[in-house]
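Observations on the model geometry
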Amino acid sequence: MATLTTVRPPAGETPPRPRRRRRERPGFKGLRRSLRRHWTLYLLMVVPLIWFVVFKYIPMSNAVLAFKNYNVVAGIWGSQWIGWRNFEMFFANPVFWTLLKNTFLLSVYTVAASFPLAIVLALALNEIRMGLFKKTVQLVTYAPYFISTVVVVSMTILVLSPRLGIVNEGLGFFGVPAVDFLGNPDYFRHIYVWSDVWQTTGYSAVIYLAALAGVDPALHESAKIDGATRLQRIRHVDLPGIMPTAVIILVLAVGNIMAIGFEKAFLLQNPLNLSESEIIATYVYKTGLLNADFSLATAVGLFNSVINLVLLLGVNMAAKRITGNGLWS
């Protein structure tokens, strides 16, 4: 057998040091390789990035208006700096707590009603084996999502009309006097939330159906062999399978809990239900555009955005610790 011999340098000479190759930064080499291979995909991202920069990030600089007394002639950057005065005026306003309460309760009610119903609908559709019936239910529940908010509000007003509304016609058939649903503040939240549930539940269920499609069928087969019932398979196989998706959707929903939609609240609003329907979004519209107090409106909107950011980070941190899933995991 051949033996390996080690060549040693002559006595008195130091062995030459091996040349160290210049190491690239971690990730830089991979980034260059990815850009070279997928440059067309990165090119497609340029237009959305430009849109976000122009219409989202650049306007953020104008939030400085909340700390100034805006003057049209001087402009945003030339107006007088007044510090926190606009925020102090808003916090001292008697309507502050009413706006905060109405916005918070309406948002929490919406999330609490729509979030579990979408999961229940997705689980039910996933268990249906009759193809025609399943497609029909999906179409009926998904189609309202494509109806504009204005049309939904118009339909709601017609259905709940005290004179010609189908609901009051049905109540009159049983001898119950007509009810002015939209004129009673106690009914506003229920009308808003359940019309929103009707419009968006089908769309939200599609997301969970996509998550259910990724559940390994072998898990269901194993559960069947072990004698698990259909409800037990839903509880122990399907629900854990869609849990990461559900957590992300819940975190995003809670993060937008103070940014509830302006359009429907404003369109359903009238002088009779104003005590329950006036939220921060409608107040900002009336203060900024109708009363032309742009500085105060910007301050209120900035306050609302900060609350949303704090809620988003807090709920995401809690979800990460409890379930191990989060927005950035």
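Here, every reference points to the structure presented above.
Residues numbered from 1 in each chain as written. Predicted model: local features only at pLDDT ≥ 70, side-chain atom pairs only at ≥ 80, totals over all residues. Heavy atoms only, no water.

**Considering a nonpolar patch on the surface**
There is a patch of nonpolar side chains on the surface, built from Trp39, Leu43, Val46, Ile50, Trp51, Phe52, Val53, Val54, Phe55, Tyr57, Ile58 and Met60 and spanning about 1,300 Å² of accessible area. When contributions to the nonpolar patch are tallied by element, the ones reaching two or more residues are helix 2 (39-44) and helix 3 (46-60). Here the nonpolar patch gets 10 residues from one element, more than from any other, and that element is helix 3. With respect to the helices and strands, tryptophan 39 occurs in helix 2. A relative accessible area of 53% means that tryptophan 39 is categorised as exposed. (Patch = residues over 30% accessible without salt bridge, like charges linked within 9 Å, V, L, I, M, F, W, Y side chains within 5 Å. Areas by Shrake-Rupley, 256 points an atom, 1.4 Å probe, with all protein chains shown as cover. Salt bridge = Lys/Arg side-chain N within 4 Å of Asp/Glu carboxyl O. Helix = DSSP H or I, 4+ residues; strand = E, 2+ residues; numbered from the N terminus. Buried < 20%, exposed > 50% of the residue type's maximum accessible area, 1.4 Å probe, protein only.)

**Description of the nonpolar core**
Note that soluble globular proteins tend to have their nonpolar side chains buried in a common cluster. Counting 15 residues, the largest nonpolar core has Leu106, Phe188, Ile191, Tyr192, Val193 and Leu268 as the members making the most contacts within it. Elements supplying a minimum of two residues to this core: helix 5 (96-127), helix 9 (185-213) and helix 12 (262-268). Examining the composition of this core, we find that 5 residues originate from one element, helix 9, more than from any other. Beyond its immediate stretch of four places on either side in the chain, phenylalanine 188 contacts Leu106, Ala265, Leu268, Asn273, Glu276 and Ser277. (Core = buried A, V, L, I, M, F, W, Y, C linked by side-chain atoms within 4.5 Å. Contact = heavy atoms within 4.5 Å.)

**Side note on the packing of helix 14 (residues 280-290) against helix 15 (residues 294-323)**
Two elements in contact, helix 14 and helix 15, have axes whose closest approach is 8 Å; the angle formed by their N-to-C orientations is 160°. Relative to helix 15, the element helix 14 lies roughly antiparallel. Every pair of crossing elements has a handedness; the one defined by helix 14 and helix 15 is left-handed. Across the interface between the two elements, Ile280, Tyr283, Val284, Thr287 and Gly288 from helix 14 touch Phe294, Leu296, Ala297, Val300, Gly301 and Asn304 from helix 15. Split into classes, the residues belonging to the contact of helix 14 with helix 15 amount to 7 nonpolar, 4 polar and no charged. (Axes fitted to C-alpha atoms, helices over the stretch in contact; angles between N-to-C directions. Parallel < 35°, antiparallel > 145°, perpendicular 65-115°, else oblique. Left-handed = near helix turned anticlockwise from the far one by under 90°. Nonpolar A, V, L, I, M, F, W, Y, C, P; charged D, E, K, R; others polar.)

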